Amino acid sequence: MWRDALLVAGKDLRVEARSRVAVNQVVPFAVLVLVLFAFALGPDRRVLSQATAGLLWVAVLFSAVLAVQRSFALEAADSARDGLRLSGLDPAGIFLGKAGAVAAQLLVLELILAGATVVLYDARLHGALLLVATSLAATAGLAAAGTVYAALAAGLRVRETLLPLLLMPVVAPVLLAATKAWQAGLAGVPSDGERWLEMLCVFAVIYVTLGLVTFGALLEES
Amino acid sequence: MLSGVDLEVSSGEVVLVEGSNGAGKTSLLRACAGLLAVVDGEAEVLGHNLRNDRRSIRGSVGMLGHATFLYDDLSVIENLTFALRAARVPVGAVAPVLDRLGLAGRLASTRVGSLSSGQRRRVALSVLAARAPALWLLDEPHAGLDQSGRDVLDQMVAEAAAAGAAVVVASHEPARASVLAHRRVSMAGGRVLDQAPPGGRALADGGWPALGHLVRERVSVSGSPPGRSHVA
């Protein structure tokens, strides 16, 4: 399973490196979201600073939808999904590989967005350990849930519009918990964010397990 | 949807499946590959019952269909390497196949998305040949290939059959494909109408393995009387 996961993740990341969709479209989109929110909230640095965590995770959430859509669009072209099914790869390995590739892209994006919040919102990144742990747990949950729901929607003609409708409500707890944990970290009181971090870990474990168990069936039905 | 299909293919045998559009040829191949669920009747491929488990055969099946299953943003060699590693086949098998199909050198590092349709078919064929599966499922395999590509394909099919692979070819070009085949199967409306040796060709001559001589495993799709659906 791990070997297959590495193979699939390597393939997806190589495709992204070649196509540069994440670099040329997803990252600018996410930064644009932060900029537009800055315009909408006005020049008051105090307001922007308070809203930093929420705005960052809203931008990550939107970008995660784009990333998982892109991940499954690769498999839709030229019936590559049939090729994947015929490849003999372990479905659990395919799930871990695709979710891992999405997670890797999101982590890089979060790093860029964190830098952008420092520049645009004058954020002070205190509590680095909590911020990093929160980002890892939230990203794992987003990537796993996104991959499960993208597989579910992959066979439908309306998948592009259906996926956000399916995914957004499901990952709302991630948005809430990651925002609260980041707010605690930015405010310099990491202990306030620990229970939110625990919630993110539970969410990630649930969706990784769900993906490992159901992805084979989802791949067959899509 | 298939209904009333009764077909057995032996190892080392090349079977040509003929029929008009919508006859069920592609569905039959997809069912044999485990890509379509068999809901009634019996279907056994390489010793695996497709009604119980249609995943476990896939590593032993190679399919060349209308789609090439390739990634446009990866190069020829990257696509091949990924497919072979996924199938747990040594990557060393790539070089001779690429050379044979005219894909060696500069073309090997070219993005598949910038290749012509014929070249893409060659890449897909090279994946199939390098994997050397026990069952070859070819859906209109000559489509899009130039004369030299068609000749190489025919040679590869003959070699695969001689090595013991079972080959099922669906084609609209019986004149071309019947030269390869030991047996011709006609389909219409999702059913097998009749089976016969291709015209003017004995079952075992000219270097082709005699039926039954190389039997190691059987591919069989046999079903209930016409009218009952068993593949959907």
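Please read all numbers here as calculations on a predicted model, not as lab measurements. (Residues numbered from 1 in each chain as written. Chains lettered and ligands numbered in written order. Predicted model: local features only at pLDDT ≥ 70, side-chain atom pairs only at ≥ 80, totals over all residues.)

### Observations regarding the overall build of chain B
Stage number 1. For chain B, the helix and strand inventory stands at six helices and 12 strands.
Stage number 2. Per-residue burial for chain B yields a buried fraction of 51% across its 232 residues.
Stage number 3. Within chain B, contacts between residues separated by at least 24 positions form 76% of all contacts whose residues are at least 6 apart in sequence. (Helix = DSSP H or I, 4+ residues; strand = E, 2+ residues; numbered from the N terminus. Buried ≥ 20, exposed ≤ 12 C-beta atoms within 10 Å, placed from the backbone. Contact = placed C-beta atoms within 7 Å.)

### A few points about the overall build of chain A
Stage number 1. Looking only at helices and strands, chain A has eight helices and zero strands in total.
Stage number 2. In chain A, the succession of α and β elements from N to C terminus is α-α-α-α-α-α-α-α.
Stage number 3. Taken over the C-alpha trace, chain A has a radius of gyration of 17 Å; the compact-globule value for 222 residues is 17 Å, and the two agree within 12%.
Stage number 4. Looking at the 222 residues of chain A, the share that counts as buried comes to 52%.
Stage number 5. Of all intrachain contacts in chain A linking residues separated by at least 6 positions in sequence, the fraction that spans at least 24 positions is 84%. (Rg over C-alpha atoms; globule rule 2.2 N^0.38 Å.)

### Focus: the packing of helix H2 (residues 21-41) of chain A against helix H5 (residues 91-121) of chain A
Residues and elements named next belong to chain A.
Stage number 1. Between H2 and H5, whose axes approach to 10 Å, the crossing angle comes to 35°. Every pair of crossing elements has a handedness; the one defined by H2 and H5 is right-handed. When H2 is examined against H5, the residues Ala22, Val26, Val27, Ala30, Val31, Leu34, Val35 and Ala38 are found in contact with a partner set consisting of Gln105, Leu109, Ile112, Leu113, Ala116, Thr117, Leu120 and Tyr121.
Stage number 2. Tallied by class, residues from the contact of H2 with H5 come to 14 nonpolar, two polar and no charged. (Axes fitted to C-alpha atoms, helices over the stretch in contact; angles between N-to-C directions. Left-handed = near helix turned anticlockwise from the far one by under 90°. Nonpolar A, V, L, I, M, F, W, Y, C, P; charged D, E, K, R; others polar.)

### Observations regarding the environment of Val108 of chain A
Residue and element names in this part refer to chain A.
Stage number 1. Within the secondary structure layout, Val108 lies in helix H5.
Stage number 2. We classify Val108 as partly exposed; it has 14 C-beta atoms within 10 Å.
Stage number 3. Through-space distance from the C-alpha of Val108 to that of Val27 is 9.3 Å; in sequence the pair is 81 residues apart.

### A word on the confidence of the model for chain B
Interpreting fine coordinate detail is not advised for predicted regions of low pLDDT.
Residues and elements named next belong to chain B.
Stage number 1. Chain-level statistics for chain B give a pLDDT mean of 76 and a share of 82% at 70 or above.
Stage number 2. When the elements of chain B are averaged for pLDDT, strand S12 (residues 229-231) gives the smallest value, 40, and helix H2 (residues 76-86) the largest, 91.
Stage number 3. Taken as a whole, residues 200-219 scores under 50 in pLDDT and shows 36 contacts with residues more than four places along the chain or in a different chain.
Stage number 4. Taken together, the stretch residues 221-232 has pLDDT below 50 and engages in 48 contacts with residues farther than four places along the chain or on a different chain.
Stage number 5. Here the predicted complex scores 0.82 on pTM and 0.81 on ipTM. (pLDDT = per-residue confidence, 0-100.)

### Quick notes on the nonpolar core
Stage number 1. Among the nonpolar cores identified, the biggest contains 152 residues, and Leu200 of chain A together with Leu135, Leu137, Val167 and Val169 of chain B are the most heavily contacted of them.
Stage number 2. For this core, the element with the highest residue contribution is helix H3 (residues 45-76) of chain A, accounting for 16 residues.
Stage number 3. The contact partners of Val169 of chain B, leaving out residues within four places of it in the chain, are Val14, Leu16, Val17, Leu138, Pro141, Ala177, Leu180 and Ala181 of chain B. (Core = buried A, V, L, I, M, F, W, Y, C linked by C-beta atoms within 7 Å.)

### Some details on the environment of Val148 of chain A
Stage number 1. Looking at the element boundaries, Val148 of chain A is found in helix H6 (residues 128-153).
Stage number 2. Apart from the residues lying within four places of it in its own chain, the contact partners of Val148 of chain A are Tyr207, Leu210, Gly211 and Thr214 of chain A.

### Section: the packing of H3 of chain A against helix H7 (residues 159-186) of chain A
Residue and element names in this part refer to chain A.
Stage number 1. The contact between H3 and H7 brings their axes to 8 Å, and the two run at 150°. Here H3 and H7 pass one another in a crossing that is right-handed. Side by side, H3 and H7 meet where Thr52, Ala53, Gly54, Leu56, Trp57, Val58, Leu61, Val65 and Gln69 of the first sit next to Glu160, Leu163, Pro164, Leu167, Val171, Leu175, Ala178, Thr179, Trp182, Gln183 and Leu186 of the second.
Stage number 2. For the contact of H3 with H7, a count of residues per class yields 14 nonpolar, five polar and one charged.

### With respect to the interface of chain B and chain A
Stage number 1. Contacts between the two partners involve 20 residues from chain B, matched on the other side by 18 residues from chain A.
Stage number 2. For the side of chain B that touches chain A, the secondary structure elements donating two or more residues are strand S6 (61-64) and H2 of chain B.
Stage number 3. The dominant element in the side of chain B that touches chain A, judged by the number of residues it contributes, is H2 of chain B, at five residues.

### Remarks on the pairing of strand S8 (residues 166-170) of chain B
All names here are of chain B.
Stage number 1. Most of S8 is tucked away, with five of its five residues classed as buried.
Stage number 2. Residues Ala166, Val168 and Ala170 point to one face of S8 and Val167 and Val169 to the other, with burial holding for every one of them.
Stage number 3. The pairing of strand S3 (residues 14-18) with S8 spans four bridges and is parallel. If you follow Val17 over to S8, its bridge partner there is Ala170. (Pairing = 2+ DSSP bridges.)

### A word on unusual backbone geometry
Stage number 1. For Arg20 of chain A, which is not a glycine, the phi torsion comes out positive at approximately 55°.
Stage number 2. Within the fold, Arg20 of chain A resides in the loop between helix H1 (2-19) and H2.
Stage number 3. By C-beta crowding, Arg20 of chain A is classed as exposed, having 10 other C-beta atoms within 10 Å.
Stage number 4. Even without being glycine, Glu140 of chain B reaches a positive phi, approximately 50°.

### Observations concerning H3 of chain A
Residues and elements named next belong to chain A.
Stage number 1. With 32 residues, H3 should cover 46 Å at 1.5 Å per step; its first-to-last C-alpha distance of 45 Å lies within 8% of that length.
Stage number 2. The sharpest bend along H3 comes to roughly 55°, located at Thr52.
Stage number 3. Phi for Asp78, located one or two positions after H3, is positive at around 55°. (Expected span 1.5 Å × (residues − 1). Bend = angle between axes of the 7 residues up to and from the residue.)

### Here's the deal with the pairing of strand S4 (residues 42-45) of chain B
In the case of a regular strand, side chains alternate between the two sheet surfaces.
Residues and elements named next belong to chain B.
Stage number 1. Here S4 shows a buried face lined by Ala43 and Val45 and an unburied face lined by Glu42 and Glu44.
Stage number 2. Where S4 and strand S5 (residues 48-49) come together, two bridges link them in antiparallel fashion. The residue bridging Val45 from the neighbouring strand is His48, located in S5.
Stage number 3. The hairpin turn running from S4 into S5, its antiparallel successor, is two residues long, and Leu46 in that turn takes a positive phi close to 50°.

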